[in-house]
Structures are given as C-alpha cells and as structure tokens.
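Chain and residue survey
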Amino acid sequence: MELNELTCHELHEKLVKKEISPLDIVKAVEKQISASEKDIHAYITVFDDMEQQAALLDVRRSTSDDPLYGIPIAIKDNMCMKGRKTTAGSKILHNFIPPYNAFVIEKLKNAGAIFTGKANMDEFAFGSSTESSHFGPTKNPRKKGYVPGGSSGGSAAAVASCEAIVSLGSDTGGSIRQPASLCGVVGMKPTYGRVSRYGLIAFGSSLDQIGPFSRDVTDCAILLNAISGYDPKDSTSVDKPVPDHKKALSGSVKGMKLGIPKEYFIEGIDVEVRQAVEKAIKALEKLGARRVDISLPHTEYAVATYYIVATAEASSNLERYDGVKYGHRKEGENLIDMYKKTRADGFGKEAKRRIMLGTYVLSAGYYDAYYLKANKVRTLIRQDFEKAFGKADVILTPTSPTPAFRIGEKTSDPLQMYLSDIFTISANLAGIPGISVPCGTTKDGLPVGLQILGKYFAEEDILRAAFAYEQNK
Amino acid sequence: MKIDRKAVEYIANLARLALTEDEKEEFTAQLDKILAYIDKLSELDTKGVEPTTHAVRLKNVFRQDKAGPSLSGEEALSNAPAKDRGHFKVPRIIE
C-alpha cells in the first residue's frame, strides 16, 4: 500500500516510529496527483510548495503528539488562505488572493498539517454535483462519467482518490455529507457554531458550517478535534469546551436508541440505497442498539424552506461582489452599469438564479410571505427534531435518495437538482450535527452513504455509532 | 404567485444583474416553477410560531470595544481592480 492510501492515524504511527518523514508522504501524494488529477479534477489549485512545507516542518519540530503533523490536507476553495488564490469556484473571484487566513487554516497550520491545494466546488457552493464550478466539473473517482456530488465535490474526490489524506469542506444544505456519500468516504457537518466560519466565503450564514472529509471515522474525529473551538471573530461560534472526540470511538452502541424516521423511507428513494441503509441499521441492532420508530412530520417542507432561507441569505452575501473591492471587474458607462456588467460577467448561471430567487423573496411586499414564513416553518422543523431526540439518541437515514448520477443528468432542471438534498437539508435548518459513512455499493459499483444525525453538540454520539458500524459492517 | 418577464427584469435591476434576453426567458420559466414548488409552505398554519433566525440560540454577543490587529490599508487594497492614492477607485459618480 502506498503512503497516500493510508489514514492519518496510520501515518501518524509511522511518523512517531520514524519509519517515514512528512516528505515521504508528500511525495506519495504528489505522485498520485500527477497520475489521476487530469481525470478527476479534484483541485482548482494544486500547491507546488508541498515539499517545502514538509521541509519546514522538519526544521520546526520533530514528530510530536500532534496527530495532524505532516498530514497532507486539501481545502475547499471557499476558505481563505493568506497569499493563496481563493476563488469559491467563481469567475468573479478568479484572481482573489486573501490577505488573511481563515480560523480553520490557522488551526491546521499550528497543528503541522501540510496543505495540498484548493479543492474544486460548485460556484459559491451552489449545487449538488460540482458541475457549476467556473473551472470545470470534478469527476467521481469511483465510477467514470458520474458526478462526485457537491458542492464540496473536489474535497470528497481528493480524499476518495487518495490525492489527499483528509480534507475540509463546507455544508450549507448537505454539501459535505452528500458528496461523501456519493464518493464513498466519511464526511461530517458539525453542530452550527462548533467550528468558526471566520474566513469562510459566506453562502447562507445561518446554515454554513465547515467540516471534515476522511477515509475512516477515526480520522474524522481527529480532524474535528483540530478545527473545533470558540473564535471571538465569529460571533455565532459557541463558547463550549471541545471534548476529545476520539474517546467516543469505543465500538460500543449497547442500549443506544436509533431513531428511524418514517418520512425518510418513502417512495422515490432508490431501492438499492434503501436496502443498504436497512442493512446498516440491522448491523447496529445486532451490536446492541435499539430501533425506535420516530416521525419528523415537517420533512416534506424542508426543501422549500431551505431554498427560501438559503437563497435570501446568499443574495445578501453576494451583494459584496461589485467589482470595487476585489475580484473581477467589467467596466461600464457609470457606477451602476459597472456593477451590473461585472456581476453579469462574473457570476455563473446557478449563482444568478439563486441571487434572483433570493432577491425576489426578500423584495418589498414578499418578505412576510416567503422569508418570514420560511423561518417559522424552520422552527417547526427544529421542534420535530427536539421531539424526536426525546425518544432517540441518534437518527439514521440515507444520506442521499439516490447514488451518484451521471454528469449532465440534472443540470437543465434546477428543481430536480435541489431535490437531491432532500435528506440532508433539515440538519442545516435545525443546526444539528450529521455524518455520512459508507454503507455499501450498488450493483453498478456506486457507493451508498448512511446518515447519522445527533443532538446539538453531540458529535460524540454520531461518531460512536459511525465507528461501531464501520468496525462491524 | 405567478412570475412574468417584467418581474424578472425588476428583480434583476434590484440585484444589479444585467441579464441577456435568453436568460430573462429561461429565468422566468424556472423561477416560476421553483416558486410554485415553494408555495407548498402556504399549506402550513404558522400562526403564533416564532421564526428561527439562528439555529443555535445565543444571547447578545458582546466584546470589549478595543482595537485588535487588523489589515493595513495596503493589504485591504491589495485585491482592488482599481485604486488611487489609498482609495478604491470607481467610475465618476458626481458630475
């Protein structure tokens, strides 16, 4: 097995024993990137200084207890890195070089991680397939001709193809969990407020959360430990002690109550997806967990609620791209004309569509009917979960109603694309954490993901369940 | 709610987007379809329900009114498409 195919914790052991150096790992990753990147296109930018980063680590200190020391990690291209081009997958930011680091980048830098590059994504994270990137689509490493999911499709594909050991993505409506599911890797959206959003290019500010991708649950816990914590620079980050999430990986789920929501096992979900998830639930029951039937009655309203809240917030957040402060500019006859031409030329179709929808639902006369109404329904969705978690410790569902779809299959019908997030969106609206773990493949060889949702700040519960399943499937 | 071409032009102006004729046509049809789907929410009675603005409720977040490290003027201008003597430069707005 090549070094780039190992996990963080396996590499860490070898580093501690001095069997290998960070440079050895970097060289294996670089070799993989040169071999497969032209087919996968996981990255918008591959860093050419990985070896220097590794060399600097050697000088800075020797291998410590730090589990991310010397580990190559890919970063979704919507997280600011000082001096490194950060585009959010958009033409409007094609030349943007941030003058500061996001909170998570500082954390990883201090932990001794090595940055491999900036991962491809749907433009401004608007999408579920990574096809809306200005820099071209990412391909699913598991099967040719299929999408990797999105919007963090590059981050998922980089980890699945071993072009990075782990990666960071962001999740506004499923953008970590859905591509993790479609690429057969582990992906987690932490509780809203667990990880600082400082330096994350904003999409839907009340929904956005940064989280890890990895090839096993242990690495997910390791990366979550590294990026969590309070940050005064993000006023929505929560000042709550961060537990050692690795300690949750006991392997035991005895007595754990698994909530199975009837609204998630409906007609229209792929038969093989359903079978794989049912099998995973049985596996956990065999380990001593107990199945509890629950109901989340407002599930059918989640997508509609989401596409009001998320586009309203996105249209406000994207007002800042005006050709004045940074990014692309297209000259016009006057200031307003310059704004209009810059934005028309700089934004792709899906970004324009969402700006239009968001502007409409916030416009005079419609605010109460749409944005206010949606935020009231959001309360009902949150209350569904509060009630359900009175009976269950965790909630199990499919991550995505279908396995990966073909490139181009859903690009002409935005509503069909939106509906592919039907099982992941509610967790963002409620703010609760969720993880997707691989639970088998279809006959065609496409991965299926099991989603495990937990109570607020109960990342330990979902990691415990995910780990027990992973060890015993 | 029915959305027509005039509404699309009105919103595009609010959003400061210059749309092509093709885009106007495409968005009219697509937004109409999406809004029809979204209207599903009107089925629900939400009288007396408090809206959620943040999923994890926090009390007011205060900090000391003290300056911390921040970007220099030069750094803040480093990405500007046009600048002049320490300022962002835009097309003339005063005759």
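Details of the structure are given in the entry above.
Residues numbered from 1 in each chain as written. Chains lettered and ligands numbered in written order. Predicted model: local features only at pLDDT ≥ 70, side-chain atom pairs only at ≥ 80, totals over all residues. Heavy atoms only, no water.

Section: the interface of chain A and chain B
Contacts between chain A and chain B engage 68 residues on the former and 51 residues on the latter. Counting across the interface, chain A meets chain B through five salt bridges. Residue B:E26 is joined to A:K349 by a salt bridge in which the shortest nitrogen-to-oxygen separation is 2.9 Å. One can count 19 residue pairs in polar contact (both at pLDDT 80 or more) joining chain A with chain B. Put simply, the parts of the chain that give the side of chain A that touches chain B at least two residues each are α9 (302-317), α10 (335-346), α11 (349-362), α12 (368-391), α13 (414-419) and α14 (425-430) of chain A. Among the elements that take part in the side of chain A that touches chain B, α12(A) stands out by supplying 12 residues, more than any other. (Contact = heavy atoms within 4.5 Å. Salt bridge = Lys/Arg side-chain N within 4 Å of Asp/Glu carboxyl O. Polar contact = N/O pair within 3.5 Å; in protein donor to acceptor, adjacent residues only side chain to side chain. Helix = DSSP H or I, 4+ residues; strand = E, 2+ residues; numbered from the N terminus.)

Topic: the sheet that holds strand β5 (residues 186-189) of chain A
Residues and elements named next belong to chain A. Reading across from one edge, β1-β3-β2-β4-β6-β5-β10-β11-β9-β7-β8 is the order of the 11 strands in this open sheet, with mixed pairing throughout. Sheet topology places β1 (43-46) and β8 (290-294) at the edges, where each strand pairs with a single neighbour. Across the sheet, the mean angle from the axis of one strand to that of its neighbour is 30°, orientation sign disregarded. Sheet topology note: the β1/strand β3 (residues 114-119) ladder contains three bridges and is antiparallel. Across the sheet, residue V46 finds its bridge partner in β3, namely G117. (Pairing = 2+ DSSP bridges. Axes fitted to C-alpha atoms, helices over the stretch in contact; angles between N-to-C directions.)

What about empty space enclosed by the protein?
Residues and elements named next belong to chain A. Tallied over the entire structure, the rule returns two cavities of 30 Å³ or more. Each pocket or cavity is described by its volume, and for the largest cavity that value is around 70 Å³. Surrounding the largest cavity, 13 residues form its lining, A125, G127, S175, Y306 and D421 being those nearest its centre. Class assignment of the residues belonging to the lining of the largest cavity gives a composition of four nonpolar, seven polar and two charged. Two domains share the lining of the largest cavity, each providing at least three of its residues, namely domain 1 (3-248) and domain 3 (304-369). Considering only enclosed or pocket space, the second largest cavity measures out at about 40 Å³ in volume. If you trace the second largest cavity, you find it lined by Y264, L296, H298, T299, A302, I381, D384, F385 and S426. Ranked by residues supplied to the lining of the second largest cavity, first place goes to α12 with three residues. When grouped by side-chain class, the residues that make up the lining of the second largest cavity number five nonpolar, three polar and one charged. (1 Å grid on protein atoms, 1.4 Å probe; cavity = no way out; pocket = protein on both sides within 12 Å on 5 of 7 lines; lining within 4 Å. Points joined across faces, edges and corners; volume = space filled by probe spheres on them. Nonpolar A, V, L, I, M, F, W, Y, C, P; charged D, E, K, R; others polar. Domains from an automatic or database assignment.)

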